[in-house]
Amino acid sequence: MYLEHFGLQESPFSLTPNTEFFLNMASYHETFNMLMVAIANREGFIKVVGEVGTGKTMLCRKVLNTLEEDAHRYVTAYIANPVLSPKGLFLAFAEELGIEVDNDIGHHSLLKKISRTLMELSAEGRQVILFIDEAHAMPQKTLEALRLLTNIETEKSKLFQVILFAQPELDDMLRDKSLRQLLQRITFSYRLESLDRDGVERYVSHRMAKAGYNGPAVFSSKALDDLTSASHGIPRLINILCHKALMVAFGRGDRSVERDHMQRAIADTEGVELQPPSPSYLRRISAVMAVMAIALAVYMFNYYLR
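Below or above, wherever it landed, is the structure these notes cover. As the structure is a computational prediction, the values presented were derived from the model and not from experiment.

### Re unusual backbone geometry
Peptide bonds are mostly trans, and most non-glycine residues show a negative phi. Located in the positive-phi region is glutamate 134, a residue other than glycine, with phi close to 55°. Relative to the helices and strands, glutamate 134 is located in the loop between strand E3 (127-132) and helix H5 (140-149). Exposure remark for glutamate 134: the relative accessible area of 29% places this residue in the partly exposed category. In this structure, histidine 232 takes a positive phi of about 60° despite not being glycine. Judged by relative accessible area, which is 45%, histidine 232 ranks as partly exposed.

What follows is the structure, encoded as C-alpha cells:
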C-alpha cells in the first residue's frame, strides 16, 4: 500500500464513517448545531436529508458519540436497518433500551414494557433519543407506527425524540396523504449539501493530516479540479477517487497526485466522469479570450507605429 510512501499512519480515505475524520464544514457544522439545539429543547421529530454519500451516517455517529459522553443525561438508541415491520421496529427499540423480551411477545405487552422503561428513564431525568439511519427505507406502515409510538408522553413532555437520517426519497414519501400527520410532527429539518471546490480541497487536506501526513500538499490544484468535477463534491466519491489516485501515484513512484493520476482513478471508477464545462463558463472564457485578443492587437498596433 501507499501509506509508508506518503508518510501516512492510516488510510486517509477509508469508506468507514470514522468520526475522528469528521470535518466541521459549514453544512455539517450548521446541521450538527441544529441537532444539538433541537435535542436540548426536547423537540419531537427531526429530519436530516442528504444524497447518497454526503456523510449522513458520519454526522449521525458524531452526534451519537457526543451524547454518549454525557450518559447520565442521555440514553441513545440507534437503528441502522429500519426495513422492519411495526412490531420489528418496536422490538429493535426495546433491545436498544436494554429491555429483555421474547420475539413472540404480544404487541400490547411490548408497548407496555417500552412505556414503563421510558417512564422510568424520564423519572431519573434522562432523555431518550432514537436515531434511525436510512429512514427512507422504512415501510409506510412502520413510519406511521413510529409516529403513534411517540404519543407516549407525560403531561409536560414527550418521553423520547426521533431523529431521521435519510435520502431525499423520504421527502417524497412524506408528501403522501397517509403520512401527513408525521410530516406535521417534524419540527426541524435540514439538508446536507455536497462540497464546493474549496470544500473539496479542505476535506482532502484535513483527511490527509488526520491520517498523519505532514508536508506540502500532495494533491495538485488541477487534480483537485478534476476530483471536484467527477465527484460532484460527494464525500464518499471523493474518498474512492483519492484512494485510487494515491495508488496510481504510488505505483509510479510519484510523491504527488497530479491530474493524470486523478484521471486514471476517474476512468477506473464506474458511475463517475469528468463534467464538460458549462455553457456559462465557456462564454466567460470566450469573453476573456476576446478581451485578451483585442488588448494584444492594440499593443502590436502601437508597437509598430513607434
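Next comes the rest of the description.
### Some details on the pattern of salt bridges
This structure, assessed with the given rule, holds 10 salt bridges. Among the ionic pairs, aspartate 172 bridges to arginine 175, the shortest N-O distance being 2.4 Å. Under the relative-accessibility criterion, arginine 175 is labelled exposed at 61%. Put simply, Arg197, Glu201 and Asp225 are held in one network by salt bridges that share partners.

### Points about the sheet that holds strand E2 (residues 74-79)
On the basis of which strands lie adjacent, the open sheet formed by 5 strands has the order E2-E3-E4-E1-E5 and parallel pairing. In this open sheet, the two edge strands, each paired with only one partner strand, are E2 and strand E5 (186-191). Here the strands of the sheet are splayed against their neighbours by 15° on average, with no regard to which way each runs. Contacts from helix H3 (residues 86-96) reach E2, E3 and strand E4 (160-166) within the one sheet, and its direction differs from that of E2 by about 140°. Contacts from H5 reach strand E1 (45-49), E3 and E4, with the element oriented near 155° to E4.

### Examining the packing of aromatic side chains
Under the counting rule described, the total for this entry stands at 5 aromatic pairs. Judged by centre distance (6.2 Å) and plane angle (75°), the rings of tyrosine 2 and phenylalanine 6 are edge-to-face. Overall, the relative accessible area of 5% leaves phenylalanine 6 in the buried class. Considering the side-chain rings of phenylalanine 131 and phenylalanine 165, the 6.5 Å spacing of their centres and the 15° angle between planes classify their relative orientation as stacked. Linking phenylalanine 131 in strand E3 with phenylalanine 165 in strand E4, this pair joins segments that are 34 residues apart in sequence. The pair phenylalanine 131 / phenylalanine 165 is uniform in exposure class, with both members buried.

### Observations regarding helix H2 (residues 56-68)
Here H2 is 13 residues long and its end C-alpha atoms lie 18 Å apart, about the 18 Å a rise of 1.5 Å per residue gives. Against the buried residues of H2 lie helix H1 (26-40), E1, E2, E3, E4 and helix H8 (197-210).

### As for the packing of H8 against helix H9 (residues 221-231)
Axis separation between H8 and H9 bottoms out at 10 Å; the angle between their running directions is 115°. Here H8 is positioned roughly perpendicular relative to H9, judged by the angle of their axes. Viewed along their axes, H8 and H9 form a crossing whose handedness is right-handed. Residues Arg197, Val200, Glu201 and Val204 of H8 pack against Ser221, Leu224, Asp225, Leu227 and Thr228 of H9. For the contact of H8 with H9, the class distribution of residues is 4 nonpolar, 2 polar and 3 charged.

### Brief notes about the nonpolar core
The biggest cluster of nonpolar side chains holds 51 residues, and the ones touching the most others in it are Val204 and Phe219. Among the nonpolar cores identified, the runner-up in size contains 38 residues, and Phe45, Ile114, Leu149 and Ile152 belong to it.

### Quick word on the pairing of E4
Within E4, 7 of the 7 residues are buried, leaving the element largely enclosed by the surrounding structure. The alternating pattern of E4 places Phe160, Val162, Leu164 and Ala166 and Gln161, Ile163 and Phe165 on opposite faces, both of which are buried. As paired strands, E3 and E4 are joined by 5 bridges and run parallel to one another. Looking at E4, one finds that isoleucine 129 is bridged to glutamine 161.

What counts as what
Residues numbered from 1 in each chain as written. Predicted model: local features only at pLDDT ≥ 70, side-chain atom pairs only at ≥ 80, totals over all residues. Heavy atoms only, no water. Helix = DSSP H or I, 4+ residues; strand = E, 2+ residues; numbered from the N terminus. Buried < 20%, exposed > 50% of the residue type's maximum accessible area, 1.4 Å probe, protein only. Salt bridge = Lys/Arg side-chain N within 4 Å of Asp/Glu carboxyl O. Pairing = 2+ DSSP bridges. Axes fitted to C-alpha atoms, helices over the stretch in contact; angles between N-to-C directions. Contact = heavy atoms within 4.5 Å. Phe/Tyr/Trp six-rings, centres within 6.5 Å; stacked < 30°, edge-to-face > 60°. Expected span 1.5 Å × (residues − 1). Parallel < 35°, antiparallel > 145°, perpendicular 65-115°, else oblique. Left-handed = near helix turned anticlockwise from the far one by under 90°. Nonpolar A, V, L, I, M, F, W, Y, C, P; charged D, E, K, R; others polar. Core = buried A, V, L, I, M, F, W, Y, C linked by side-chain atoms within 4.5 Å.

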